[in-house]
Structure formats: C-alpha cells, structure tokens
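Descriptive structure summary
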Amino acid sequence: MLTILMEMMILQFTDVTYKVVIKGMTSTREKDILNGITGCVNPGEVLALMGPSGSGKTTLLNLLGGRLNQSSNLGGSVTYNDQPYSKSLKSRIGFVTQDDVLFPHLTVRETLTYAALLRLPSSLTREEKTKRAIDVIQELGLERCQDTIIGGSFVRGVSGGERKRVSIGNEIIINPSLLFLDEPTSGLDSTTALRIVQMLQEIAEAGKTVITTIHQPSSRLFHKFDKLVLLGKGSLLYFGKASEVMAYFSSIGCNPLLAMNPAEFLLDLANGNINDVSVPSELEDKVHVGNGEAETRNCECIFNQYLVEAYETRVAKREKKKLLAPIPLDEEVKLKVSSPKRLWGATWWEQYTILYCRGIKERRHDYFSWLRITQVVSTATILGLLWWQSDTSSPKGLQAGLLFFIAVFWGFFPVFTAIFTFPQERAVLSKERSADMYRLSAYFMARTTSDLPLDLVLPVLFLLVVYFMAGLKMGAGPFFLTMITVFLCIVAAQGLGLAIGASLMDMKKATTLASVTVMTFMLAGGFFVNRIPVFISWIRYMSFNYHTYKLLLKVQYEHRMPVIGGTRIDSGLEEVCALVAMVFGYRLLAYISLRMMKLQSGA
Ligand SMILES: Nc1ncnc2c1ncn2[C@@H]1O[C@H](COP(=O)(O)OP(=O)(O)OP(=O)(O)O)[C@@H](O)[C@H]1O
C-alpha cells in the first residue's frame, strides 16, 4: 500500500508566470509567455493543455516537467506532492517530446531494451529489465514492427505512429509517476490518435498522473480527458473538468452557433475568432468584426481580455482556494520527492558497457564501411607506387615527404570524423541526460572508445601496404614503432576533433574551425617551413603533425642522419609526452564542454 502511495504524484501549479528576454540589435525587451496559470492534476487523471499555436502550451509543459530552469524568468509555484522540484524527480518523470528523438538504426526492440537496461532501478535483474521491454512492446501493440529499425530522414523505418508509440514506450518503461507528453497525436490519423489517448487513459487509471498538450483533438478524443487547461496568448481561459467546459463558457455567454466539435469551439474562442460564436450582448458592439487586419486584431484582444477576466472573477479564486488546502499526504511520500539523491538504474560500469554496445549497434552500418576501407587502401597503394622501393641511404631518395604525408593524413582524417561525434548525438544526449539515464562520464567513455577499434584497424592496413611498397626500414622494431606513432597521432587528433565538436556543438562551425586548425598544424609541422619566427614558433609544439613527423623520422633515420631537412632528430621523449598530453588534454576539454552543455529546453 505504501509503495503505491509513494508512487503517486499530485502536481499543483499556482500563478505560474514565465517571461523571456529578447535581445535586439539596439534594445532588450521582455516578453511574457505565461501569465499566472493555476491548476492541479491528481493521480488517475489526464490533464490536457489546449490552446492555439504559440499560446504557451509547450512552455507550460516544460515548466511543469522541470525542464525550464531559468529561475529568474519564472514566477509562481509548482509543487509535486507539496514539495518543490528536485533532481530525484527525474527518475519518476517521463517526458515525451514533440519530436521523436530516437536512434534511427536501432530496432524498436533494441531501443526499448536499452532504455529498460539504463533506466529501470538497479534492484531488477537484467532479465527482468529485458522482460519489461517486451511487456511494453506488447502494451503498445508494437509486436509486428519490433525488429524493424526506427528510421529517420535518410533511412526508411517504422511509421510515424509507431515511432511515436516507441517514444512513449521509452518513457512509460520506467513506470513514471508523472508522464508529460508534447503533442503525442500530431500528424497521426484519428484512429491512431484515439488509440494513443486511450493508452494514456489506461496509464492514468493505473494511478499515474498524465499531462499532455494537444492541438486539435477530435470530439471523441476530447471526451477522454479528465481535466483541461485552455490557454490563449499565454493567459488562462479555463481550468477545470473537461466535461464542464462547455457549460462554463455558456455561463459567460459564449455558445457555438453551429453544431461543432467542442475542441474546435474552444480554439476559436482562444484565437478570438468569433465568427460562429455567440458573444454576450455587452461585448457585441466592441468586438464587431471589421475587414481591416488592425480591427480584427483589436477585436481579438478585447475578446481575449473578456475571457481572461471572466475566468479570474468567476473561477480562479475558487480554484486557488482549493489548491491552498493542505494535501493529506504522508511525510514519507513528501520526503521521497524532496530527496536530493539521484537514482541511477545501473552502475557506472554497466552504463558504460550498455552504451558501448548501443553505440556499436547504432553505427554498425558504417562501421565496416567499404568506402572508408577502399579510401585508405587506395591512398596507401598510390603512395607505395609513388615512393616505390625508394632509396633511404642517399638524401636524394629521402622519404621525408612520405613520412610527413603519413603524419598529415593520419592527423587529418581522425579530426574530421571525430568532430561529428557529439553534435550528431546532441538531441539524444540532451534528452537522455534530462532524464538522468546515465552519467555523462560513462557516455563519454563509451562514445569515445566504441569507434577506436576500427580507427586502429585502418592504419594497420595502410601501413602494411605503404611500408613494404615504399621500402621503409626493414625489421619488426621499426615497423611497430611506426605503427605506434601513427596510433598516437590518430588518438591525439581524434581528441582535438572531439573537443572542437563538443565545444561548438554545431557541425558547420566545427568544420570551419577544424579546417583552420588542421591547416595551421600541418603548416607548422616542420616540413614546409623550417625557420619559423620566434614569436610564432610555439605553435608547432601544439601540432600533432610536428611531433608525429619527428618521431617517424627518428624511427627511420636514427643513427644515420642527425638533421633531416632542418628537423633535428633527438631522443623522442618530448614528442611522445606531447602526444600523450594531447590524447588526454583534448578529451578533458571535450568532456568539460559537454558538461557545460545546456540540456533540453534548458533543463
Ligand atoms: N526562448 C524564447 N524566446 C522567445 N520567444 C519564446 C521563447 N520560448 C517561447 N517563446 C514564444 O512563446 C510563445 C509560446 O511558445 P510555445 O512553444 O509554448 O507555444 P505552443 O502553444 O506550444 O505552440 P505550438 O502549438 O505551435 O507548438 C510563442 O510565441 C514563442 O514564440
């Protein structure tokens, strides 16, 4: 009994306001998005947030779901079982966003299984978690497409309705006490939409609290909601039982002139469109619809004002009084909400392995990409032919050019593949972190290590071709030292790519910055310019091309030539240390940038 009580969640919001600061070229102004919204929703109820486009539904939903944290812009109070929002709520809240943020190459079953493994409490075994994923698939009627990939803009996968159900499944899998949904039915046919709303009703009946925004529900859908918040231009026009809304508007003199769907009538009211609506006689003169746009807008404003005031005077006070009454809740139930402890579904290591496997599955299609393999092998073959069995003993046949190219090639590619890593996954990362699915460090490690195996196989292939075709120094020692040098260069260059991607989180900006950086590093690499002016010579110490080039020269020419093309051959320790510092330093920078990234809707 106590567990059921602990799971229940009463959500109350009183006089909620929200404004944004809009910065223009010359001035800064404030815009009110929500003006004093009050309401409450109890376990077992579905609350619908309705209103025209731009009326503030999504903002209110984000705010109630704890996903807007600019407290200076927030006013009023939102409580969960009489307690303010705390991080421990993240694991009890399910939030289905308007856009389906899912991995396109995972199948429906894989998506839900990974969500179950990461999000369900650690008290459950792996088998129990997997079973929960299968139960959700059945609950949502997704059996037929469970082995189909989700798909996205470039790959065909499940249908829009199925994708929406997977998004909902991703959230209900944790059995949340509070479920928020942003337009779960938009873009779906009325039967599928009805099915989804019926499902929400069933979820609520199981003791959960459900809040959903809805655009234009059919009348069948409309009658499924228990409570309704109607917004117009950020103000509250109605909060109460959905079944009583028509009676309320009739009591303030607004009735539909034609037989119409109640939702359509309400949206007309909220939009200030009074063409098919009878209005009270005192308003009739003021809101006489004219032809001009300014006149229409004025009429909409007056009507909106009338509705806001009517609600304020007739209902708001009564509702607020009800909300002020203390909730008869056990202290333990309240404490559970206010506990600052975050609950992870899996240990760090489990999170790492799950995310590692998920990463490999998601990218399996381009993991062994023949295109990349062909690109590397053909470049290696061309290089091998150009430097075919070149003579290393005389300065004429010097392979410095080849060695420098190797340092540039393996410094260039890893940067450009790594910069996309985080920007590409930004939406998913932001969504999953908002739900506290895993620790950022586990994600970071999994994401940066899951690509390593392939990234280290390709240079082996490359060197096997080039090394022997070009006739570089024979022997296992030099060959393996060359390979280790190239590995170090790749891992350092990847670090730079990750850091640029994570700090900018924008592919265009990242590509621009990366090309400038890579070019600078290449020029400072010691092959093109030897006498760099002192004031800028520090730049080459930051260049992984420079260190790699010096190490490659050392492996080939140590004990034979002390200086090659102006580059001195020395112990190599400095270069190795510099590369190792880059491997970790750039990654640390990337991790810090990700930590500072704003989460979804600012949460
Ligand atoms: N950060 C912001 N900066 C500027 N304007 C904002 C910001 N957030 C919201 N708005 C404005 O607030 C209003 C309400 O936005 P919101 O997304 O909540 O509307 P909505 O009712 O969900 O609309 P829709 O049904 O079209 O999704 C809009 O006019 C929007 O432009």
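Criteria and cut-off values
- Residues numbered from 1 in each chain as written.
- Predicted model: local features only at pLDDT ≥ 70, side-chain atom pairs only at ≥ 80, totals over all residues.
- Heavy atoms only, no water.
- Helix = DSSP H or I, 4+ residues; strand = E, 2+ residues; numbered from the N terminus.
- Buried < 20%, exposed > 50% of the residue type's maximum accessible area, 1.4 Å probe, protein only.
- Contact = heavy atoms within 4.5 Å.
- Patch = residues over 30% accessible without salt bridge, like charges linked within 9 Å, V, L, I, M, F, W, Y side chains within 5 Å.
- Areas by Shrake-Rupley, 256 points an atom, 1.4 Å probe, with all protein chains shown as cover.
- Salt bridge = Lys/Arg side-chain N within 4 Å of Asp/Glu carboxyl O.
- Pairing = 2+ DSSP bridges.
- Near = heavy atom within 4 Å.
- Polar contact = N/O pair within 3.5 Å; in protein donor to acceptor, adjacent residues only side chain to side chain.
- Nonpolar A, V, L, I, M, F, W, Y, C, P; charged D, E, K, R; others polar.
- 1 Å grid on protein atoms, 1.4 Å probe; cavity = no way out; pocket = protein on both sides within 12 Å on 5 of 7 lines; lining within 4 Å.
- Points joined across faces, edges and corners; volume = space filled by probe spheres on them.
- Domains from an automatic or database assignment.
- Expected span 1.5 Å × (residues − 1).
- Axes fitted to C-alpha atoms, helices over the stretch in contact; angles between N-to-C directions.
- Left-handed = near helix turned anticlockwise from the far one by under 90°.
- Core = buried A, V, L, I, M, F, W, Y, C linked by side-chain atoms within 4.5 Å.
- Parallel < 35°, antiparallel > 145°, perpendicular 65-115°, else oblique.
- UniProt positions renumbered as here; feature names shortened; annotations may be inferred.

For the rest of this paragraph, the subject is the overall build of the protein chain. The number of helices and strands found in the protein chain is 25 helices and 13 strands. Taken over 603 residues, the protein chain has a buried fraction of 54%. Considering only intrachain contacts with a sequence separation of at least 6, the fraction spanning at least 24 residues in the protein chain is 74%.

Next up on the list: a nonpolar patch on the surface. Taken together, Met 519, Leu 523, Phe 527, Phe 528 and Val 529 make up a surface patch of nonpolar side chains, about 460 Å² in accessible area. Tracing the backbone through its elements, the reader meets Met 519 in helix α22 (residues 507–523). Judged by relative accessible area, Met 519 falls into the partly exposed class, the value being 48%.

Of all the six residues making up strand β7 (residues 209–214), six are buried; the element is thus mostly covered by neighbouring parts of the structure. Burial along β7 is two-sided: Thr 209, Ile 211 and Thr 213 facing one way and Val 210, Thr 212 and Ile 214 facing the other are all buried. Bridge count between strand β3 (residues 46–50) and β7: five bridges; the pairing is parallel. Residue pairing in the sheet places Ala 48 in a bridge with Thr 212 of β7. By the bridge criterion, four bridges tie strand β6 (residues 178–181) to β7 in an arrangement that is parallel. Paired with Phe 180 across the bridge in β7 is Ile 211.

This paragraph deals with the pattern of salt bridges. Pairs can form between side chains of opposite charge once their charged atoms are near each other. All told, the structure shown has 13 salt bridges when counted by the stated rule. Put simply, Glu 171 and Arg 119 hold a salt bridge, and the shortest N to O gap is 3.3 Å. Within this pair, whereas Glu 171 is found in helix α5 (residues 160–172), its partner Arg 119 is found in helix α3 (residues 108–119), the two being separated by 52 residues in sequence. Accessibility expressed as a relative area gives 3% for Glu 171, which makes it buried. Judged by its relative accessible area of 12%, Arg 119 falls in the buried class.

Close contacts around the ligand come from 13 residues, with Ser 53, Gly 54, Lys 57, Thr 58 and Thr 59 the closest. At 3.0 Å, a backbone N or O of Gly 56 approaches an oxygen atom of the ligand. Separating an oxygen atom of the ligand from a side-chain N or O atom of Lys 57 is a distance of 2.8 Å. Compared with its free state, where it exposes 630 Å², the ligand has 62% of that area covered by protein. Where the shell around the ligand is concerned, the elements lending two or more residues are β2 (28–41) and α2 (57–64). No other element matches α2, which puts three residues into the shell around the ligand. For the shell around the ligand, the class distribution of residues is three nonpolar, seven polar and three charged.

The calculated volume of the largest pocket comes to roughly 1100 Å³. Glu 362, Arg 363, His 365, Asp 366 and Gln 424 are, among the 41 residues lining the largest pocket, the residues nearest its centre. Within the residue set of the lining of the largest pocket, elements represented by two or more residues are α14 (364–367), α15 (370–386), α16 (400–418), α17 (421–424), α18 (426–434), α19 (440–450), α20 (452–469) and α21 (476–504). For the lining of the largest pocket, the per-class residue count stands at 17 nonpolar, twelve polar and twelve charged. Each of domain 1 (2–21 + 31–326) and domain 2 (374–436 + 451–602) accounts for three or more of the residues forming the lining of the largest pocket. One number sums up the size of the second largest pocket: a volume of about 480 Å³. Across the lining of the second largest pocket, the residue classes break down as eleven nonpolar, six polar and seven charged.

The next thing to look at is empty space enclosed by the protein. Per the counting criterion, the structure on display carries three cavities of 30 Å³ or more. Of the voids in this model, the largest cavity is the one considered here, and its volume is about 110 Å³. Residue lining of the largest cavity: 13 residues in total, with Phe 103, Thr 111, Asn 170, Arg 358 and Glu 432 positioned closest to the centre. Listing elements by their share of the lining of the largest cavity, those giving two or more residues are α3 and α18. Built from parts of two domains, the lining of the largest cavity gets at least three residues from each of domain 1 (2–21 + 31–326) and domain 2 (374–436 + 451–602). Lining of the second largest cavity is provided by Phe 103, Leu 355, Tyr 356, Arg 358, Gly 359, Arg 363, Glu 425, Tyr 443, Ala 446, Arg 447 and Ser 450. Counting residues per element, the ones that place at least two in the lining of the second largest cavity are α13 (348–362) and α19.

With that settled, the discussion passes to helix α24 (residues 544–557). Compared with an ideal rise of 1.5 Å per residue, which puts 14 residues at 20 Å, α24 spans 20 Å between its outermost C-alpha atoms and is within 8% of the ideal. Counted residue by residue, α24 has 14 buried out of 14 residues, so it is predominantly covered. At the N-terminal end of α24, a side-chain oxygen is found 3.2 Å from the backbone nitrogen of Asn 545, two or three residues along, and the residue is Ser 543.

Look at α16 against α21: their axes get within 7 Å of each other, and the N-to-C directions meet at 35 degrees. As for the relative orientation of α16 and α21, their crossing is right-handed in sense. Residues Ile 406, Ala 407, Trp 410, Gly 411, Pro 414, Val 415 and Ala 418 of α16 pack against Val 486, Cys 489, Ile 490, Ala 493, Gln 494, Leu 496, Gly 497 and Leu 498 of α21. Across the contact of α16 with α21, the residue classes break down as twelve nonpolar, three polar and no charged.

Once that is clear, we can look at the nonpolar core. With 97 residues, the main nonpolar core has Leu 11, Phe 249, Cys 254 and Leu 266 as its most contacted residues. The biggest single contributor to this core is helix α11 (residues 293–324), with nine residues. Not counting residues up to four positions away in its chain, the partners in contact with Leu 266 are Met 50, Phe 222, Leu 228, Leu 230, Val 245 and Phe 249. Grouped together as the second largest cluster of nonpolar side chains are 48 residues, Tyr 352, Ala 418, Met 437 and Tyr 591 included.

On to the packing of α15 against α20. The contact between α15 and α20 brings their axes to 8 Å, and the two run at 20 degrees. Considering their axes alone, α15 and α20 lie roughly parallel with respect to each other. For α15 against α20, the interelement crossing comes out right-handed. Contacts between α15 and α20 pair Arg 372, Ile 373, Val 376, Val 377, Ala 380, Thr 381, Leu 383, Gly 384 and Leu 385 from the former with Leu 454, Asp 455, Leu 458, Leu 461, Phe 462, Val 465, Val 466 and Met 469 from the latter. Here the residues of the contact of α15 with α20 are counted per class, giving 13 nonpolar, two polar and two charged.

A word on the side chain of Asp 455. One can find Asp 455 in helix α20. For Asp 455, a relative accessible area of 10% puts it in the buried group. At a separation of 3.1 Å, a polar atom in the side chain of Asp 455 contacts the side chain of Arg 372. Leave out the neighbours within four places in its chain, and Asp 455 touches Arg 372, Ile 490 and Gln 494.

UniProt marks residues 367–388, 400–422, 452–470, 476–501, 513–539 and 576–594 with the feature "transmembrane region" (unreviewed entry), using the numbering shown here. Helix makes up 91% of residues 400–422 and strand 0%, with an end-to-end C-alpha separation of 36 Å. As annotated, residues 452–470 has a helix share of 95% and a strand share of 0%, and its two end C-alpha atoms lie 27 Å apart.

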